[in-house]
Amino acid sequence: MQRPITLKRSLALASAALTVGVVTALSMPAVADTQPQAGTHHATRAAVVPDMTFDSTGTADLGNAPQGLGKAFGGRAAMKDVDGKTIGTAYANCGKDATGTTADEVLCTSVFKFSDGAQIAADGVIPVPRSGAELKEFDAIVTGGTLRYEGITGVARFTPRSVGVYAVTFS
């Protein structure tokens, strides 16, 4: 009597199919995933940033942008909470990138340093109005932070209150 060999053939065919499938899958280009990837190196513990005011009056502020494209300059502002208490200092390094009839545009890289040492980094194109021109609202891209703000990203919205004074909110 002959033994049935269907099981051996089935296993051999399944093994061959699996091998072909693995080789095919490995040789195909990766399919793009439109969902954000959760990496193991991204912090997710960023604290909520309180609303504040940046006050550069009395300092070398962005209103003193140098003439000429490509000119670099720095600025700083006192960071104050909603009660007017100083909670840190904002520092910016900027370069003039465009001139206009009512405003110039400067690209700034900034660090907002809180009194406890926590920091937030942001980049933005800032409209610097010419004399007599209306102050404009602008956004900066929040690119990261330290300590309680580690892992933060988003937008910092600057709303003018007066020359050199901006309300700042984070989202």
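Structure's up top.
The structure presented is a predicted model; accordingly, all values stated were derived computationally and were not measured.

Definitions and limits used
Residues numbered from 1 in each chain as written. Predicted model: local features only at pLDDT ≥ 70, side-chain atom pairs only at ≥ 80, totals over all residues. Heavy atoms only, no water. Helix = DSSP H or I, 4+ residues; strand = E, 2+ residues; numbered from the N terminus. Buried < 20%, exposed > 50% of the residue type's maximum accessible area, 1.4 Å probe, protein only. Salt bridge = Lys/Arg side-chain N within 4 Å of Asp/Glu carboxyl O. Contact = heavy atoms within 4.5 Å. Pairing = 2+ DSSP bridges.

A tally of regular secondary structure across the protein gives one helix and eight strands. What you see in the protein, going N to C, is helices and strands ordered as α-β-β-β-β-β-β-β-β. Here the protein, with 171 residues, has 27% of them falling under the buried criterion.

With that settled, the discussion passes to the pattern of salt bridges. In total, this model carries six salt bridges according to the counting rule given. When the shortest N-O distance is used, the salt bridge between Arg148 and Asp116 registers 2.0 Å. Residue Arg148 is found in the loop between strand 6 (138–145) and strand 7 (154–162), and its partner Asp116 is found in the loop between strand 4 (103–114) and strand 5 (119–129); the two are separated by 32 residues along the sequence. Judged by its relative accessible area of 48%, Asp116 falls in the partly exposed class. Two residues, Glu137 and Arg157, come together in a salt bridge whose shortest N-O distance is 3.5 Å. Taken together, the positions of Glu137 in the loop between strand 5 and strand 6 and Arg157 in strand 7 put the pair 20 residues apart, joining distant regions of the chain.

Another aspect to go through is the side chain of Asp55. As for its position among the elements, Asp55 is in strand 1 (residues 52–55). The class of Asp55 is buried, set by a relative accessible area of 17%. Ignoring anything within four residues of it in the chain, the contact list for Asp55 reads Ala77, Ala78, Lys80, Gly164 and Val165.

What follows concerns the pairing of strand 5. With 11 bridges connecting them, strand 4 and strand 5 associate as antiparallel partners. Within strand 5, the residue paired with Ala103 across the bridge is Pro129. The antiparallel pairing of strand 4 with strand 5 creates a hairpin that spans four residues between the two strands, and Gly117 there sits at a positive phi of about 100°. Alignment of strand 5 against strand 6, held across four bridges, turns out to be antiparallel. The residue bridging Ala122 from the neighbouring strand is Val142, located in strand 6.

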